[in-house]
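Chain by chain, the residues:
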Amino acid sequence: QPAPAVLDAAAADRVDALRLPCLLNLAACRLREARPFEAISACDAAVGIDAGSAKAWYRRGQACAALGQLEAARKNLLQACKLAPSSREIRDEYEKVKEAAAKQASARPMAL
């Protein structure tokens, strides 16, 4: 018999529950391979499944930082901190990016 064209809500939830860790692992692999754009895409899909996934926001922040998009990285990492306030790893990454963003901002010449 052909597979049903549309999954019922419970089946869709089960599929998403399986896809989320796969996407998070894919993002981690893409970061290790220095492919941050692909890591961001995987994180975007993960956030689409679960906007409360601190790990998705954390990895997205790492990918933005790797691209030099420090303000975007800071915002993503701040969201991860809010979702997982007890995570030292996330807090440390947030502080590192926040400091780098401040240095970058102070190094820019002021507009006249």
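My aim in this report is to walk through the structure given alongside it, one point at a time. Predicted, not measured: the structure shown is a model, and the values here were computed from it.

So, how was this worked out
Residues numbered from 1 in each chain as written. Predicted model: local features only at pLDDT ≥ 70, side-chain atom pairs only at ≥ 80, totals over all residues. Heavy atoms only, no water. Helix = DSSP H or I, 4+ residues; strand = E, 2+ residues; numbered from the N terminus. Rg over C-alpha atoms; globule rule 2.2 N^0.38 Å. Buried < 20%, exposed > 50% of the residue type's maximum accessible area, 1.4 Å probe, protein only. Contact = heavy atoms within 4.5 Å. Areas by Shrake-Rupley, 256 points an atom, 1.4 Å probe, with all protein chains shown as cover. Lys, Arg positive; Asp, Glu negative; His and termini not counted. Charge placed at Lys NZ, Arg CZ, Asp CG, Glu CD. Polar contact = N/O pair within 3.5 Å; in protein donor to acceptor, adjacent residues only side chain to side chain. Axes fitted to C-alpha atoms, helices over the stretch in contact; angles between N-to-C directions. Parallel < 35°, antiparallel > 145°, perpendicular 65-115°, else oblique. Left-handed = near helix turned anticlockwise from the far one by under 90°. Nonpolar A, V, L, I, M, F, W, Y, C, P; charged D, E, K, R; others polar.

The helix and strand inventory of the chain stands at five helices and zero strands. N-terminal to C-terminal, the α/β element order of the chain is α-α-α-α-α. A compact globule built from 112 residues should have a C-alpha radius of gyration of about 13 Å, whereas the chain, at 17 Å, is more than 25% larger. Along the longest, intermediate and shortest principal axes, the C-alpha atoms of the chain span 70 × 30 × 30 Å. Counting over 112 residues, the chain shows a buried share of 33%. Considering only residue pairs separated by 6 or more positions, the chain has 47% of its internal contacts joining residues 24 or more positions apart. If you sum the accessible surface of the chain, you get close to 7300 Å²; carbon and sulfur atoms cover 57% of it. Mean positive and mean negative side-chain charge positions of the chain (17 and 13 charges, respectively) differ by 5 Å.

Take Ser-53: it is sitting in the loop between α2 (36–49) and α3 (54–66). With near-sequence residues (within four places) excluded, Ser-53 lies in contact with Leu-24 and Leu-83.

You can see Glu-89 is positioned in helix α5 (residues 88–107). Engagement of the side chain of Glu-89 in a polar contact is seen with the side chain of Tyr-58, the distance being 3.2 Å.

The subject of this paragraph is the packing of helix α1 (residues 9–32) against α2. The interhelical angle for the contact between α1 and α2, taken along N-to-C directions, is 160 degrees, at an axis separation of 8 Å. Relative to α2, the element α1 lies roughly antiparallel. Viewed along their axes, α1 and α2 form a crossing whose handedness is left-handed. Together, Asp-16, Arg-19, Leu-20, Leu-23, Leu-24, Leu-26, Ala-27, Arg-30 and Leu-31 of α1 and Pro-36, Glu-38, Ala-39, Ala-42, Cys-43, Ala-45, Ala-46 and Ile-49 of α2 make up the contact between the two elements. For the contact of α1 with α2, the residue count by class is 13 nonpolar, no polar and four charged.

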